[in-house]
Amino acid sequence: MTVDTYRKPLLSALRGEVQQRPPLWLMRQAGRYLPEYRALRAKAGSFLDLCYDPVLAVEATLQPLRRFPLDGLILFSDILVVAEALGVKLWFEEGEGPRLKAIAEGGSLPEFDAERQRRHLAPVYEAMERVGATAPAGATVLGFAGAPWTLATYMVGGGRSRDFAATKGWAYRDPNSFSRLIETIRQAVAAHLIAQLDAGADAVQVFDSWAGALPESELTRWCVEPLKMIVADVKSVHPAAPIIGYPRGAGVACERFAAETGVDAISIDSTVPPVWAAARLQPHCTVQGNLDPVALLAGGDALRQAASRILDALGQGPFVFNLGEGVLPQTPPEHVAELCDLVRSWPDGNRR
Ligand code: CP3
């Protein structure tokens, strides 16, 4: 065991070591459910201003750790900054989520320009350096990026999509030009992950939030294969840095992500049965997940039971406790504190 992993339980769990008690962090652990985040966001002006201000982004990153005994921090940013670095105009409309100037099928494709991206995302890398310098001892610092398919759904759809008809339709009608788009995004994503690791991240997560929109054959081409190439690219520069894949909605295809892409950990959404994940995914890699964010919102017995079921199924193998999706803005912060207690006291506190 290296000194590094010895001091950082989350990092060592991502490397496949079973921990005495599972480490925990939460997707979207910084965000609107925290009053101090809302205050910071108001001070920054807009969400993107917050993302691109290294001092404020570091503050948002550290806020949840001041309240809760979490084992990881995820850099405060967004997956869509990479689309912007590729030259796609991005803005956030209050209460409506992201909007982008859509790339048209048959039109000109964005190009990856390493230097332009590095310049555009310099504030993100500066924030990462600052987080590394100020993170509490023992906390694992996570960088992240969106997966090519998920980024493509926003870049082609112009925002959040209901049926993914524009992006999927393009992939079906003209797979050759669509694969050029995916390839461009893939290069941008790999470079962004490598730059975050260069800046001091311990590990990275790749969010494929809309993997569940694709049937298996398409999933192979647009999600599994690109992730495998991203893992190879990142590992060629940072061989020891763990990579977490998060193919939300992929269901039984999670097994292929775990077995074929080379990720060190797979983050599962709340629909994946923990017992199935223990049998089919843990033999390949660390499993991360998968509490329903609504159980966290509800609290009480529902929260205790849901958390125990996950811990009992997965806690004996390589495991990181997390949600199946991000923390909901309405979540009472006290429920997060209770969840931390539940996980930290397992298995003694709540059983058997
Ligand atoms: O997890 C973290 O705490 C780190 C920061 C983070 C954010 N977004 C901050 C954010 C991360 C890792 C993301 C990932 C992200 N962003 C994904 C993948 C994960 C997922 O949720 O599926 C996606 C699809 C996006 C794109 C995006 N950004 C959407 C669809 C939205 C609007 C959703 C909403 O809740 O309003 C955002 C905005 C966003 N990203 C917020 C935060 C804290 C809310 C912005 C605000 O303060 O108003």
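As shown above, the structure is provided for reference.
Cut-offs applied
Residues numbered from 1 in each chain as written. Predicted model: local features only at pLDDT ≥ 70, side-chain atom pairs only at ≥ 80, totals over all residues. Heavy atoms only, no water. Axes fitted to C-alpha atoms, helices over the stretch in contact; angles between N-to-C directions. Helix = DSSP H or I, 4+ residues; strand = E, 2+ residues; numbered from the N terminus. Left-handed = near helix turned anticlockwise from the far one by under 90°. Contact = heavy atoms within 4.5 Å. Nonpolar A, V, L, I, M, F, W, Y, C, P; charged D, E, K, R; others polar. Buried < 20%, exposed > 50% of the residue type's maximum accessible area, 1.4 Å probe, protein only.

A. Spotlight on the packing of helix H16 (residues 300–314) against helix H17 (residues 333–345). Following both chains from N to C, one finds H16 and H17 inclined at 35°, their axes separated by 11 Å at the closest point. Crossing geometry of H16 relative to H17 is assigned as right-handed. Contacts from Gly-300, Leu-303, Arg-304, Ala-307 and Leu-311 of H16 reach H17 at His-335, Glu-338, Leu-339, Leu-342 and Val-343. When its residues are assigned to classes, the contact of H16 with H17 shows six nonpolar, two polar and two charged.

B. Seen up close, unusual backbone geometry. Cis peptide bonds are those with omega within 30 degrees of zero, and the linkage from Gly-289 to Asn-290 qualifies with -20°. Inspection of the secondary structure assignment puts Asn-290 in strand E8 (residues 286–291). In this chain, Trp-346 is followed by Pro-347 through a cis amide linkage whose omega measures 5°. Its identity as a non-glycine residue notwithstanding, Arg-28 has a phi of 60°, on the positive side. You can see Arg-28 is positioned in the loop between helix H2 (9–14) and helix H3 (35–44). Phi is positive for Phe-164, close to 60°, though the residue is something other than glycine. Residue classification places Phe-164 among the buried residues on the basis of a relative accessible area of 8%.

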